[in-house]
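Each chain is listed here by its residues.
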Number of protein chains: 4
Amino acid sequence: MAMMQECMEACSAVSMCATMCADADMGEGMGTCAAMCSNMADVATTTMRMMMRPTGYDRGVLTSMMTACMTMGEACAAECRTHAEMSEHCRICMMACDAMVEVMGKMMSTMSTTS
Amino acid sequence: MAMMQECMEACSAVSMCATMCADADMGEGMGTCAAMCSNMADVATTTMRMMMRPTGYDRGVLTSMMTACMTMGEACAAECRTHAEMSEHCRICMMACDAMVEVMGKMMSTMSTTS
Amino acid sequence: MAMMQECMEACSAVSMCATMCADADMGEGMGTCAAMCSNMADVATTTMRMMMRPTGYDRGVLTSMMTACMTMGEACAAECRTHAEMSEHCRICMMACDAMVEVMGKMMSTMSTTS
Amino acid sequence: MAMMQECMEACSAVSMCATMCADADMGEGMGTCAAMCSNMADVATTTMRMMMRPTGYDRGVLTSMMTACMTMGEACAAECRTHAEMSEHCRICMMACDAMVEVMGKMMSTMSTTS
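Residues numbered from 1 in each chain as written. Chains lettered and ligands numbered in written order. Predicted model: local features only at pLDDT ≥ 70, side-chain atom pairs only at ≥ 80, totals over all residues. Heavy atoms only, no water.

**Brief notes about helix α1 (residues 2-28) of chain C**
At step 1: With 27 residues, α1(C) ought to run about 39 Å at 1.5 Å a step, and its terminal C-alpha atoms sit 39 Å apart, in line with that.
At step 2: Two residues or fewer past α1(C), C:Gly29 is found with a positive phi of approximately 75°. (Helix = DSSP H or I, 4+ residues; strand = E, 2+ residues; numbered from the N terminus. Expected span 1.5 Å × (residues − 1).)

**Quick notes on the interface of chain B and chain A**
At step 1: On the side of chain A, 24 residues touch chain B, which itself brings 23 residues to the contact.
At step 2: Taken together, the two surfaces of chain B and chain A that pack against each other cover about 2,000 Å², and 64% of this comes from carbon and sulfur.
At step 3: Sorting the residues of chain B by area buried against chain A places B:Asn39, B:Asp42 and B:Arg53 first, and these three jointly supply 24% of that buried surface.
At step 4: The tally of links from chain B across to chain A stands at 4 salt bridges.
At step 5: With its nearest N and O atoms 3.1 Å apart, the salt bridge here joins B:Arg53 to A:Asp42.
At step 6: If you look at where chain B meets chain A, you find 11 residue pairs in polar contact (both at pLDDT 80 or more).
At step 7: Ranked by residues supplied to the side of chain B that touches chain A, first place goes to helix α2 (residues 31-51) of chain B with 11 residues.
At step 8: Residue composition of the side of chain B that touches chain A, grouped by class: 9 nonpolar, 10 polar and 4 charged. (Contact = heavy atoms within 4.5 Å. Buried area = accessible area lost by both parts, 1.4 Å probe. Salt bridge = Lys/Arg side-chain N within 4 Å of Asp/Glu carboxyl O. Polar contact = N/O pair within 3.5 Å; in protein donor to acceptor, adjacent residues only side chain to side chain. Nonpolar A, V, L, I, M, F, W, Y, C, P; charged D, E, K, R; others polar.)

**Digging into the confidence of the model for chain A**
At step 1: Averaged over every residue, the pLDDT of chain A is 96; the share at 70 or more is 98%.
At step 2: Model confidence for the complex: the whole-complex pTM is 0.97, and ipTM, which rates the interface, is 0.96. (pLDDT = per-residue confidence, 0-100.)

**Some remarks on the relation of the copies chain B and chain D**
At step 1: At an RMSD of 0.0 Å, chain B and chain D line up after a rotation of 180° and a shift of 0.0 Å along the axis. Taken together, the rotation and translation relating the two chain copies correspond to the operation of a two-fold axis. Identified as the residue of chain B closest to the rotation axis by C-alpha distance is B:Gly29, at 2.2 Å.
At step 2: Counting the interface residues of chain B, we find that 100% of their copies in chain D are interface residues as well, pointing to one common contact surface. (Least-squares fit on C-alpha atoms with pLDDT ≥ 70 in both.)

**Things to note about the interface of chain B and chain D**
You'll often see interface size given as the accessible area lost when the parts meet.
At step 1: At the interface, 9 residues of chain B touch 9 residues of chain D.
At step 2: Of the roughly 530 Å² buried at the junction of chain B and chain D (both faces included), carbon and sulfur atoms supply 68%.
At step 3: Considering only the side of chain B, the residues that lose the most area to chain D are B:Met26, B:Gly31 and B:Ala35, jointly responsible for 66% of the buried surface there.
At step 4: Across the contact surface, chain B and chain D share 0 residue pairs in polar contact (both at pLDDT 80 or more).
At step 5: Contributing elements (two or more residues each) for the side of chain B that touches chain D: α1 (2-28) and α2 of chain B.
At step 6: Take the side of chain B that touches chain D: its biggest share by element is 5 residues, from α2(B).
At step 7: Within the side of chain B that touches chain D, the residues separate by chemical class into 3 nonpolar, 4 polar and 2 charged.

What follows is the structure, encoded as structure tokens:
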């Protein structure tokens, strides 16, 4: 439960950082990064909301959504990493994605051991 | 490309049907169905938006998001199916989910053959 | 009720057109248009969802949300209009916004006469 | 700018509290509250995202969106207040809405004085 809480907070942070990174990218002509961050923000928001709805809990659904969120988080972090030297918002977004992928990975392994 | 278009339209239909089904469920005290449909609406909206952003296209990310959306679609359809006899909105939502899962499954197999 | 249905469909169309316009803008370096269309897509989606939840209906809330959506629609259409000659996606998004503002304006006047 | 930051955080808090309140309401058969909180979560998320996109800033649009968000916040708080005695999640959601309305009201008056 504490781990779920950590995941929600990590998703919330990513959702904010990616929305702001996307906006800044738009103003700076970094199209791919802007579009990936827009996807990232939507995926993180949806994953967070799913975690906030225990009434609708389905283990298989949550697991596959977390897998999608982690895949997206790795791709978004990789894209942001290429601009992290020169762009503060990319560096912040990258770090938020990395942190989310890590905590979500931990939760995934806990979920698979506790059946 | 035509298949992607079909997927987007199927996601849009699910997103609407699930939002309306969730609202009706809330008024009728069907908690689990309401919460699963709320999740379904968010997942379908996010998947649709990802498909509508070719600039941010990443094959691995899209595949994992489609997997999550299909898993959610199957779970939501299964839940709605249990009320489909007595509840029109559940029957409609179930059919929209089934149709989305089918067309998305076709797109997945096309994506895996054309590398 | 038929008018509400028309509004939902207009919001859905705007939500799609604006998401696609934003993505294309990102790839073409049109930052302001991309960010306004991203806002437009979120506002149209939220307005549509509110209309799809009669259980949570509140006349004052819906009226103020429709006002925000129309204000956003006019601003987004104005921005897209400046690129409409050269950019197909802006022309399509502009038309969808114009149509939504029109049908929503009609619904607003119906709502104010039928108290 | 510090005030904008406060507004974003207040929107984020409301978006989370309202999502969790809606889910709990669904499980407890409180339909109206569930649907209003679902609307509140969407409106708060959209308002927060708009604030996070300075590239797409439009004063008139932001003002009307904040007005809609405050109207929604007052209605949601009023609904949650009726269950606040017996329901912890309603009390938390009500307080988050009240806090958001207050800080957003302050920002609105700042925006109208500084032209």
